[in-house]
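# Survey of secondary and tertiary structure
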Amino acid sequence: VNAILDGDSPAQWDVIVIGSGSGGEIAAAECAGRGLRVLVVEADRFGGECAYVACVPSKSLLLSAHAGLRWEEAIRRRDQAAHGRDDRATRDTLTDAGVTTVRARGRLLAPEQERHRVLLEPADTDASRREISGPRVETTTFVVLGTGSETSIPPVQGLDGLGYWTSDQALSTTDQPVSMIIMGGGAVGCELAQAFALLGTRVDLIEVADGLLPSESGWVGTLIAEQLEEDAVKLHLGVEVQRVEASENGCRVHLDDGSSISAERLLLAGGRSPRSAGLGLDALDVAPADDGSIPIDGRCGVLAADGSTVGGLYAVGDVTAESSYTHSANYQARIAADDIVKRGHDADYRAVPRVVYTRPTVFCVGGPAEQARERGFDVRTARTDLADVERGQLVALSASPTGRGVVRGKVELVTDPRTGTLVGASCVGPEADSWGAELALAIRAEIPIALLAQHMRAFPTWSEAVTAALDD
Ligand SMILES: Cc1cc2nc3c(=O)[nH]c(=O)nc-3n(C[C@H](O)[C@H](O)[C@H](O)COP(=O)(O)OP(=O)(O)OC[C@H]3O[C@@H](n4cnc5c(N)ncnc54)[C@H](O)[C@@H]3O)c2cc1C
């Protein structure tokens, strides 16, 4: 790699991918698979966040917590699942796919002679991991930006210098905190609250909205709140953090209702910000939105400030406003790669699954009913309680020591009566991420409600709750 990059005659690339997370990795492999010469520039770990400090370790920790494992064993398995945060295997996979890789920071320069130019600078990792000795410029026909996102740091007095955690530290630590305050009751906050609480940490969870998972239907957050309280998480809903300070055992958080709580650790989980700063976007007259996201068109082509598409420049994954999941980053990467090889088609975001891997699991797709109504749509809803279907009754009877178990879960379908199709679905229950998936396909394929209702579902599966809601 160094021979190519530091040599006298720089290679001419067809595609340079900046950032090798879920989106960048797929975009690179797809383009190389179609015979293009691809260079991936990665400032930190090949593979990005998902495998090492996000999806994979968080799901591993949750599964271990649900299985009743102790902290040490859960951490051992988490690190095994996350490959010890070692990116060699991912890098080898890219190389095997015909992609050239270099650890460096990439930045766009103004194009010259109709070719994009990317400045490569040594990555600010430790010296042993640096792979280029100084800055150099590479030219290319296409650039794909897949630089991801990072934890948003709220403007709270006292945070600077406090030594707070983000999910990166929470999912890399080997020392179990005795107590932890989590700021943010979205997917990341709820998942980490449940995992740490079940593994024995005393957890306080603060959410400024009146309920958890505030972007979903209110009943979804209520069910998860009931479960988290049962798991010994102390919830503080509808309150805002005013200031934080160091305390004897860690930190103290002051809330706007006048109360305060303290814990060994403070974990920020109040959202993520697209990583677009320092990418040189202004050189191409691209202005990120206020939240930092890079504006894109239907084919993931980056939009300039005047609304026109910048030729040959794409963005995929969390750095766009359209995606905050690994599966949506992967989807966008294929959209961009297809467009690069002139087989372009627009992305369709109507059926992006939103999953929270707590127990019970949350699987939502399409618009929640409240949001659809706020936008003026006359939608109808139907809801089934999982306790009312045969599987729920069987589990309550046979899977609990007393024979009187509680099954916590519901399905809500949202339909548009004008089209007779599904426009949204929320499923909460055991493994809802699996049995809810048919509803994402139903939305995307616009399957008529009548046909969905006639469809045969196996007895006694959780998906019979879908049939019951459809009958309604
Ligand atoms: C705790 C947690 C749990 C999650 N769980 C799930 C889940 O279960 N399912 C799911 O679908 N999603 C989950 N997500 C979201 C998911 O991790 C992200 O949506 C996904 O990783 C985004 O991929 P990406 O390719 O956009 O960026 P990333 O994976 O963030 O990769 C971006 C890469 O770009 C590199 N980079 C940045 N700037 C530069 C530069 N200038 N030059 C070179 N390289 C650069 C970075 O080093 C990084 O490696 C979770 C997120 C968190 C935080």
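Placed above this text is the structure.
Residues numbered from 1 in each chain as written. Predicted model: local features only at pLDDT ≥ 70, side-chain atom pairs only at ≥ 80, totals over all residues. Heavy atoms only, no water.

## What about helix α8 (residues 187–198)?
For clarity, the threshold we go by: The helix and strand labels rest on DSSP assignments: H or I over at least four residues marks a helix, E over at least two residues marks a strand, and numbering proceeds from the N terminus. Any helix carries an expected span of 1.5 Å times its number of residues minus one. Categorising residues by exposure relies on relative accessible area from a 1.4 Å probe, with only protein chains included: less than 20% of the type maximum marks a residue as buried, more than 50% marks it as exposed, and the intermediate range marks it as partly exposed.
With 12 residues, α8 extends 17 Å from end C-alpha to end C-alpha; this agrees with the ideal 16 Å at 1.5 Å per step. In terms of residue burial, α8 counts as a mostly covered element, since 9 of its 12 residues are buried. Those residues of α8 that fall on the buried side of the exposure criterion are Gly189, Cys190, Glu191, Leu192, Ala193, Gln194, Ala195, Phe196 and Ala197. Immediately beyond the C-terminal end of α8, within one or two residues, lies Gly200, with a positive phi of roughly 110°.

## Topic: the environment of Gly23
Spelled out, the test is: Contact between two residues is taken to exist if any of their heavy atoms lie within 4.5 Å; hydrogens are not considered.
Tracing the backbone through its elements, the reader meets Gly23 in helix α2 (residues 22–33). For the pair Gly23 and Val144, spaced 121 residues apart in sequence, the C-alpha to C-alpha distance is 9.3 Å. Beyond its immediate chain neighbours, meaning those up to four positions away, Gly23 contacts Val316, Ala329, Asn330 and Ala333.

## Things to note about the sheet that holds strand β7 (residues 179–183)
Inclusion rule: Strand pairing is defined by DSSP finding a minimum of two bridges between the two strands. For every element, the axis is a line fit to its C-alpha atoms; helices are fit only across the contacting stretch, and the angle between N-to-C directions ranges from 0 to 180 degrees.
Read across the open sheet, the 4 strands follow the order β9-β8-β7-β13; overall the sheet is parallel. Either end of the sheet is taken by a strand with one partner, and the two such strands are β9 (234–237) and β13 (265–268). The mean inter-strand angle of the sheet, taken between neighbouring strand axes irrespective of direction, is 15°. The pairing of β7 with strand β8 (residues 202–207) spans 5 bridges and is classified as parallel. Bridge pairing in β8 places Ile181 opposite Asp204. Running over the sheet, α8 touches β7, β8 and β13 and is turned about 165° from β8.

## Observations regarding the sheet that holds strand β21 (residues 421–429)
The strand order β17-β18-β21-β20-β19 describes an open sheet built from 5 strands, whose pairing is antiparallel. Lying at the two open borders of the sheet, with one neighbouring strand each, are β17 (354–356) and β19 (380–385). Here the strands of the sheet are splayed against their neighbours by 10° on average, with no regard to which way each runs. Here strand β20 (residues 410–416) runs beside β21; their pairing, made up of 7 bridges, is antiparallel. In the sheet register, Val414 faces β21, and the bridge partner there is Gly424. Here helix α14 (residues 437–444) sits on the sheet in contact with β18 (361–366), β20 and β21, set at roughly 165° to β21. Across the sheet, helix α16 (residues 464–471) is in contact with β19 and β20; its angle to β20 comes to roughly 40°.

Note that every value here comes from positions in space, so none of it alone points to a role or purpose.
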